Amino acid sequence: VTSCEAVAYWNDRLWYLGSNVDERYAHFSARGTITSFGVNDFYYGDTLCRMALPIQNYLAMYTTDGIWGLTPTGNSEDPYALSKKSPVGTTCRRGILALANGLHLFIREDGIYAWDGGGLPAKISRNLDGAEKGWVDINLSALDDAFAIDVKDRNQAWFFVPDGSG
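Worth saying up front: this structure is predicted, and the values here are computed from it rather than measured.

> What should I look at first to understand the nonpolar core in this one?
Grouped burial of nonpolar side chains is what soluble globular proteins tend to show. Of all hydrophobic cores here, the largest spans 26 residues; its most connected members are Trp15, Leu70, Phe106 and Trp115. Of all elements in the fold, only strand 1 (6–10), strand 2 (13–17), strand 3 (25–28), strand 5 (49–55), strand 6 (58–63), strand 7 (66–72) and strand 11 (111–115) reach the threshold of two or more residues within this core. If we skip the residues at most four places from it in the chain, Trp115 touches Ile55, Tyr58, Ala60, Tyr62, Ile67, Lys85, Gly102, Leu103, His104, Phe106, Leu120 and Pro121. Formed by seven residues, the second largest nonpolar core is a distinct cluster that contains Cys92, Ile138, Leu143 and Ala146.

> How should the sheet that holds strand 9 (residues 96–98) be read in this particular structure?
Within a sheet, neighbouring strands are paired by backbone hydrogen bonds and run either parallel or antiparallel to one another. Spatial strand order, 9-10-11-12: four strands in an open sheet with antiparallel pairing. Looking at the sheet topology across the chains shown, the edges are occupied by strand 9 and strand 12 (122–123). As judged from the five bridges shared by strand 10 (residues 104–108) and strand 11, these two strands associate in the antiparallel manner. When the sheet's bridge partners are listed, Arg108 is paired in strand 11 with Gly111.

Calculation rules
Residues numbered from 1 in each chain as written. Predicted model: local features only at pLDDT ≥ 70, side-chain atom pairs only at ≥ 80, totals over all residues. Heavy atoms only, no water. Core = buried A, V, L, I, M, F, W, Y, C linked by side-chain atoms within 4.5 Å. Buried < 20%, exposed > 50% of the residue type's maximum accessible area, 1.4 Å probe, protein only. Helix = DSSP H or I, 4+ residues; strand = E, 2+ residues; numbered from the N terminus. Contact = heavy atoms within 4.5 Å. Pairing = 2+ DSSP bridges.

If you want it as structure tokens, here you go:
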């Protein structure tokens, strides 16, 4: 592996996702080190994993078809169990934020969503819906270029999305 789409640190391991080997792999390091990776230390999903962020007691893996959770099993042979947490996913890898209060915010094709790690994510950008509000001007084909930043000193999350058709 020489490149990846996203990196996360959780459960005393370094995780990297969307590698040049296969974009559906999530590789993890040996416990306690960020430089040692075993040949079989990975999880494979059916869809492209866009980002992974810790939430509650698991690692939330954002994919194009939902959010999956990796939970520690306590078993050294199979250290994590994978389960689908939400059918609502994202295609935008840099448009996902983990806020200090534990909430995740992320961009989808129809708006911005908030998720607390349980139940369905809630759309929080309804004020942008409709032709006169602006979301219809978003260039959905370039949505993967969108990104978000947590502006902590203002207690705000800023989302930067491509507009126009090209």
